[in-house]
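Remarks on the overall topology
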Amino acid sequence: PAAPPLPPPQESLRELIPERAVLAGVVRKHALEPLRELFTQDPALQQELSAYLRQSINVDLTELSGLVFFSTSLAEPPRGAVILRLQGAETAKLPLLSGSGSPEPLPPHLGVPLLRLDGETVAAALPGALVLGSADAVREAIADHERLAGALSPASPLGGLLSGDPRLTDVEVAVAARGVG
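Just so we're clear, the structure is a prediction, and the values are computed from it rather than from any experiment.

Looking at the overall build of the protein
When helices and strands are tallied, the protein shows three helices and eight strands. Listing each helix as α and each strand as β along the protein from the N terminus yields β-α-α-β-β-β-β-β-β-α-β. Across the 181 residues that make up the protein, the buried fraction comes to 42%. Of the contacts formed within the protein by residues at least 6 apart in sequence, a portion of 58% connects residues at least 24 apart. Total accessible area computed for the protein in this model is approximately 9,600 Å², and 59% of it derives from carbon and sulfur atoms.

Details of the pattern of salt bridges
With the rule as written, the count across this model stands at six salt bridges. The partner of Glu172 in a salt bridge is Arg14, with the nearest N and O atoms 2.7 Å apart. Within this pair, whereas Glu172 is found in strand β8 (residues 171–175), its partner Arg14 is found in the segment before β1 (23–27), the two being separated by 158 residues in sequence. Note on Glu172: relative accessible area 9%, which makes it buried.

Section: the nonpolar core
Among the nonpolar cores identified, the biggest contains 29 residues, and Ile17, Phe70, Ile83 and Val138 are the most heavily contacted of them. Per-element accounting of this core gives the leading share, five residues, to helix α3 (residues 135–145). In contact with Ile83, other than residues within four places in its own chain, are Leu16, Gly66, Leu67, Val68, Phe70, Ala129, Leu130, Val131 and Ala141. Core analysis: the next-biggest nonpolar cluster, separate from the first, contains nine residues, Leu32, Val59, Leu64 and Leu84 among them.

Describing the side chain of Arg36
When you line up the elements, Arg36 lands in helix α1 (residues 29–41). Lacking a salt bridge, the buried Arg36 has Glu33 as its closest oppositely charged neighbour, with an N-O distance of 4.2 Å. Within the local environment of Arg36, its side chain forms a polar contact with the backbone oxygen of Thr62, the two atoms lying 3.2 Å apart. Excluding anything up to four places from it in sequence, Arg36 contacts Thr62, Glu63, Leu64 and Gln87.

Some points on the packing of α1 against helix α2 (residues 43–57)
Relative to each other, α1 and α2 sit at 105°, their axes nearing to 4 Å. With respect to α2, the element α1 is oriented roughly perpendicular. Contacts between α1 and α2 pair Leu38, Phe39, Thr40 and Gln41 from the former with Pro43, Leu45, Gln46 and Leu49 from the latter.

Description of the pairing of strand β5 (residues 112–118)
Where strand β4 (residues 104–109) lies against β5, four bridges are found, and the strand directions are antiparallel. By the bridge assignment for β5, Leu106 is matched with Leu114. The loop that links β4 with its antiparallel partner β5 comprises two residues; one of these, Leu110, has a positive phi angle of about 55°. Pairing between β5 and strand β6 (residues 121–126): four bridges, direction antiparallel. Residue pairing for β6: Arg116 is matched across the bridge by Val122. The antiparallel pairing of β5 with β6 creates a hairpin that spans two residues between the two strands, and Gly119 there sits at a positive phi of about 45°.

Side note on the environment of Arg20
Among the secondary structure elements, Arg20 is positioned in the segment before β1. Placed 136 residues apart in sequence, Arg20 and Ser156 show a C-alpha to C-alpha distance of 6.6 Å. There is a polar contact of 2.8 Å between the side chain of Arg20 and the side chain of Glu140.

Description of the confidence of the model for the protein
The share of residues in the protein with pLDDT of 70 or more is 89%, and the mean pLDDT across the chain is 83. No element of the protein has a lower mean pLDDT than α2, which averages 84, and none a higher one than β1, which averages 94.

What counts and how
Residues numbered from 1 in each chain as written. Predicted model: local features only at pLDDT ≥ 70, side-chain atom pairs only at ≥ 80, totals over all residues. Heavy atoms only, no water. Helix = DSSP H or I, 4+ residues; strand = E, 2+ residues; numbered from the N terminus. Buried < 20%, exposed > 50% of the residue type's maximum accessible area, 1.4 Å probe, protein only. Contact = heavy atoms within 4.5 Å. Areas by Shrake-Rupley, 256 points an atom, 1.4 Å probe, with all protein chains shown as cover. Salt bridge = Lys/Arg side-chain N within 4 Å of Asp/Glu carboxyl O. Core = buried A, V, L, I, M, F, W, Y, C linked by side-chain atoms within 4.5 Å. Lys, Arg positive; Asp, Glu negative; His and termini not counted. Polar contact = N/O pair within 3.5 Å; in protein donor to acceptor, adjacent residues only side chain to side chain. Axes fitted to C-alpha atoms, helices over the stretch in contact; angles between N-to-C directions. Parallel < 35°, antiparallel > 145°, perpendicular 65-115°, else oblique. Pairing = 2+ DSSP bridges. pLDDT = per-residue confidence, 0-100.

Below you can see the structure in the form of structure tokens.
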């Protein structure tokens, strides 16, 4: 019998993982389909939830099409971030979390505005994505996005993630041996 056809292509998202990451995970679009189907089956629910999210945090999370999380250090204090890939979202500005108090503007990094949301959490908006995490990790994600820093490569601590076909896996998680010691 012939092998089953490969699933349709989906964004790898691996290119969003910084080279220095010692822990990382990717959740691709196909893994989020059950959640997305919940909204597409009930357009009124999606409209209501979208309006609520835009009003409360200025970001429509029903447009989530993937996410990446990573840590460049698990030592105290840990440094890491989550990158939310938002399909069809306008994320070139940082309108994020306006209802959660007064975010503190920070100096931009490589021309990208940064906001301190609370304590150690910093946010940045990139085209089609929001980045939330420690200041160092958010800056590294911006540099990676701007291709001024290295992305995951075969020589990276988590380079093994690159060996699989992203069409065959919807969720990937890896921890470098040196990341746990």
